[in-house]
Amino acid sequence: MHVEVDVPKCVASGQCVLLAPDVFDQRDEDGMVVLLNENPPAELHDAVRESATVCPAAAIRLEES
């Protein structure tokens, strides 16, 4: 899996961080998404998929391998 985020689309809801804190974080100054791991291990894939699904701005894009 490869993860990409479209930071300008992010609305800082933080759902991704709650679901996959090893993959996503938020900037302190404005809450915008920070991608910590663009190639997460298999055990995190379900949480990353859920993060992409619930993102209100659709700012997370996944490429499955």
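Scroll up to find the structure this text is about.
Residues numbered from 1 in each chain as written. Predicted model: local features only at pLDDT ≥ 70, side-chain atom pairs only at ≥ 80, totals over all residues. Heavy atoms only, no water.

Asks: Please provide a residue-by-residue account of unusual backbone geometry, values included.
Replies: Even without glycine at this site, Ala-12 takes up a positive phi of about 60°. With respect to the helices, strands and loops of the structure, Ala-12 is situated in the loop between β1 (2–5) and α1 (15–19). The backbone phi angle of Ala-58 is positive, close to 55°, even though this residue is not glycine. In this structure, Ala-58 sits in the loop between α2 (45–54) and β4 (60–63). We classify Ala-58 as partly exposed; its relative accessible area is 46%. (Helix = DSSP H or I, 4+ residues; strand = E, 2+ residues; numbered from the N terminus. Buried < 20%, exposed > 50% of the residue type's maximum accessible area, 1.4 Å probe, protein only.)

Asks: Can you tell me about the nonpolar core, naming the residues and giving the values?
Replies: Ranked by internal contacts, the top residues of the largest apolar core, which has 17 residues, are Val-3, Cys-16, Val-23, Phe-24, Val-48 and Ile-60. Breaking this core down by element, the ones donating at least two residues are α1 and α2. (Core = buried A, V, L, I, M, F, W, Y, C linked by side-chain atoms within 4.5 Å.)

Asks: Provide a residue-level description of the pattern of salt bridges, including the pertinent values.
Replies: Using the criterion set out here, one finds 6 salt bridges in the structure. Ionic pairing is found between Arg-61 and Glu-4, a salt bridge with its closest N-O pair at 3.0 Å. Here Arg-61 is found in strand β4, whereas its partner Glu-4 is found in strand β1, with 57 residues between them in sequence. By relative accessible area, Arg-61 is classed as partly exposed at 46%. The exposure class assigned to Glu-4 is partly exposed, which follows from its relative accessible area of 29%. Note that Arg-27 and Glu-29 form a salt bridge whose closest N and O atoms lie 3.7 Å from each other. (Salt bridge = Lys/Arg side-chain N within 4 Å of Asp/Glu carboxyl O.)

Asks: Got a sec to walk through α2? Specific residues and values, please.
Replies: Among the residues making up α2, those that are buried are His-45, Val-48, Ser-51 and Ala-52. Projected down its long axis, α2 carries its buried residues within an arc of 120°, all on one side. Exposed residues lying more than 90 degrees from the buried face of α2 are Asp-46 and Thr-53. (Arc of directions from axis to C-beta.)

Asks: Before we move on, could you go through the side chain of Ser-51 and cite the residues and values that matter?
Replies: Among the structural elements, Ser-51 can be located in helix α2. The buried category is assigned to Ser-51, whose relative accessible area is 0%. Non-local contacts of Ser-51, meaning those with residues more than four positions away in its chain, are made with Cys-16, Leu-19, Ala-20, Phe-24 and Ile-60. (Contact = heavy atoms within 4.5 Å.)

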